[in-house]
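A closer look at the structure
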Amino acid sequence: MTRRVGFATRLGAIAAAVGSAVGLGNIWRFPYEAGVNGGGAFILVYIGCILVMGIPVILSEFIIGRSTHSNMKAALRQLSPGKKYYLFTYICILGSFIVIGFYSVVCGWIIEYLYQAALGQLSGHSPQEYNEMFTSLVANPWRCVGWTVLFLVLNFMVMSRGIEKGIERVSRTMMPLLFVILIIFCINSLLMPGASKGLKFLFYPDFSALTMRGVLDAFGQAFLSLSIGISCLVTYSSYFKDDTSLTKDAVIVAVLDTLVAILSGVMIFPAVFSFGVEPTAGPRLIFEVLPGIFQQMTGGYVWALLFFLLVFFASLTSTISLSEIPITFLMEERKLSRPHAIGWVALITLVLATVAALSFNVLDDIKLWGKNIFDMMDYAASNIFMLLGGLFTAVYVGWILDRKIVHDQLTNGGRLKGMMEPYLIFCLRYVAPVSIIFIFLYLTGII
Ligand code: PHE
């Protein structure tokens, strides 16, 4: 018998889904993507995407997972016997490896900043020095690879000792704390001299600043942030109880995730303008801005430590859910024991993450369309893999899956009203596929 990760309570399952969704995608990637894409208009498209594609695709993954209580491959086989839809699982596996690959490099940066914060070396510098601090970190292959590997070792140690549940429990306390801390930081940022400029950047939709590439980025960001498109939530929802309201849970995940992203934006952008940092700085943005925020707060030392610790835990619950995709697959489809599956996944991840960590230094000559390997992984994961995965999921549940199953899952066999059903089906059948296909065709120059 292979052992699957189980959740003792309903709260356990939903907390795990929130734990998967809330992570570096919200705190690190959302502000940098918003910055690169001109702010307000990007955020508007992002929120629109959550409503018409994000929530429907979360629900679709929940429907697939809970109706079969299986991993993606077994689920698709069971739901569509004799058909080849299950081949899509391989895209999910590939996508999840790519996400963990670049994501763990950023987790490594978080540990470095946690370490620097603990040493008290994060304060007393100018914005220029914070810029140089980050540059010298990523230029140093040993440091970069070292922290990345340390993070992965921690991640897989947690998984191999079967203490994910312990981590879930810890993060159930940590998540609300992260939320409260973000609010405190937001208030602090709003009192900064550049606050109004930051808020205007964030909330005033200047559509002339948004390109079609930006729209694609907003879609990709929404999918990455919600953990959808690579079957992560299929695995988690396969443990949901049959009396859980899927709609309610999908909305909770989406709302909490979006709130954390917006709060991160409100924390970062007033400071960006106050310190004179370029909003288009990209992946380095929060690392240049955060130390400056902490240092001008009373008790900055403790705030910095606490913040990086919380972000570390938020990232860990995301990487655990990511690693679970290939691990469950190897266990249930290839009949590997859990330790073996973890070993293989750890090995592949280690190689990918090391390459990603080296792409800022030793391998920085390797570029495609001006992007280094890290940037390519970052881009491909969300803008290609997760979006295509989302497209498949939407089309599958909207057009192919038996409507009775959809109805049963939404209404828990007729016990709930399932008012979202027509909206869900409309979004899955038309809005999501048309938007995703349109943006791909437009950007590849076909239309
Ligand atoms: N949603 C996570 C984050 O925002 C990343 C993630 C993507 C986790 C896909 C699982 C699956 O940090």
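As shown above, the structure is provided for reference.
Scope of this entry: the structure provided in the associated data block. (Residues numbered from 1 in each chain as written. Predicted model: local features only at pLDDT ≥ 70, side-chain atom pairs only at ≥ 80, totals over all residues. Heavy atoms only, no water.)

Some details on the packing of aromatic side chains
Working definition: an aromatic ring pair is given by the centre-to-centre distance plus the angle between the planes. Applying the stated criterion across every chain, the model contains 35 aromatic pairs. Their ring planes at 65° and their centres at 4.9 Å tell us that Phe62 and Phe240 sit as a pair that is edge-to-face. Taken together, the residues Phe62 in helix H3 (residues 40-68) and Phe240 in the loop between helix H11 (232-237) and helix H12 (246-275) connect sequence positions 178 residues apart. Residue Phe62 is classed as buried on the basis of its relative accessible area of 0%. Taking the relative accessible area as the measure of exposure, Phe240 reaches 3% and is therefore buried. Both rings, one in Phe360 and one in Phe374, keep their centres 5.0 Å apart while their planes meet at 55°; by these two values the pair is tilted. Here Phe360 is found in the loop between helix H15 (338-358) and helix H16 (373-400), whereas its partner Phe374 is found in helix H16, with 14 residues between them in sequence. (Phe/Tyr/Trp six-rings, centres within 6.5 Å; stacked < 30°, edge-to-face > 60°. Helix = DSSP H or I, 4+ residues; strand = E, 2+ residues; numbered from the N terminus. Buried < 20%, exposed > 50% of the residue type's maximum accessible area, 1.4 Å probe, protein only.)

Notes on the layout of surface pockets
Here the second largest pocket is characterised by a volume of approximately 200 Å³. For the second largest pocket, the full set of lining residues is Arg29, Tyr32, Glu33, Val36, Arg213, Asp217, Pro283, Lys371, Asp375, Asp378, Tyr379 and Asn383. Class assignment of the residues belonging to the lining of the second largest pocket gives a composition of four nonpolar, one polar and seven charged. (1 Å grid on protein atoms, 1.4 Å probe; cavity = no way out; pocket = protein on both sides within 12 Å on 5 of 7 lines; lining within 4 Å. Points joined across faces, edges and corners; volume = space filled by probe spheres on them. Nonpolar A, V, L, I, M, F, W, Y, C, P; charged D, E, K, R; others polar.)

So, unusual backbone geometry
One non-glycine residue, His69, lies in the positive phi region at around 50°. Among the structural elements, His69 can be located in the loop between H3 and helix H4 (72-79). Its identity is not glycine, yet Ser227 carries a phi of approximately 60°, on the positive side. Residue placement: Ser227 occurs in the loop between helix H10 (212-226) and H11. Of the residues examined, Ser227 reaches a relative accessible area of 8% and is grouped as buried.

Notes on the site of the ligand
Close contacts around the ligand come from 16 residues, with Ala21, Gly25, Tyr103, Leu224 and Ser227 the closest. With respect to the ligand, the backbone of Ala21 contributes an N or O atom lying 3.0 Å from an oxygen atom. The side chain of Asn26 places a nitrogen or oxygen atom 3.4 Å from an oxygen atom of the ligand. In isolation the ligand has 320 Å² of accessible area, and contact with the protein removes 100% of it. Because more than half of its atoms lie within 2 Å of the grid, the ligand is assigned to the largest cavity. The set of elements that each furnish at least two residues to the shell around the ligand consists of helix H1 (10-21), helix H2 (24-36), H10 and helix H14 (300-333). Grouping the constituent residues of the shell around the ligand by class yields eight nonpolar, eight polar and no charged. (Near = heavy atom within 4 Å. Polar contact = N/O pair within 3.5 Å; in protein donor to acceptor, adjacent residues only side chain to side chain. Areas by Shrake-Rupley, 256 points an atom, 1.4 Å probe, with all protein chains shown as cover. Sits in = over half its atoms within 2 Å of the grid points.)

Some points on the side chain of Ser435
Looking at where Ser435 falls in the secondary structure, it is placed in helix H18 (residues 421-443). Here the side chain of Ser435 touches Val431 through a polar contact of 2.5 Å, landing on its backbone oxygen. Ignoring sequence-local partners within four residues, the contact set of Ser435 consists of Met53 and Phe219. (Contact = heavy atoms within 4.5 Å.)

Some thoughts on the packing of helix H5 (residues 88-119) against helix H7 (residues 141-160)
Running from amino to carboxyl end, H5 crosses H7 at an angle of 105°, the nearest separation of the two axes being 7 Å. If you check the angle between H5 and H7, you find them roughly perpendicular. On H7, the residues that touch Ile100, Ser104, Val105, Cys107, Gly108, Trp109, Ile111, Glu112, Tyr115 and Gln116 of H5 are Arg143, Cys144, Trp147, Thr148, Leu150, Phe151 and Leu152. Of the residues that constitute the contact of H5 with H7, the class distribution is eleven nonpolar, four polar and two charged. (Axes fitted to C-alpha atoms, helices over the stretch in contact; angles between N-to-C directions. Parallel < 35°, antiparallel > 145°, perpendicular 65-115°, else oblique.)

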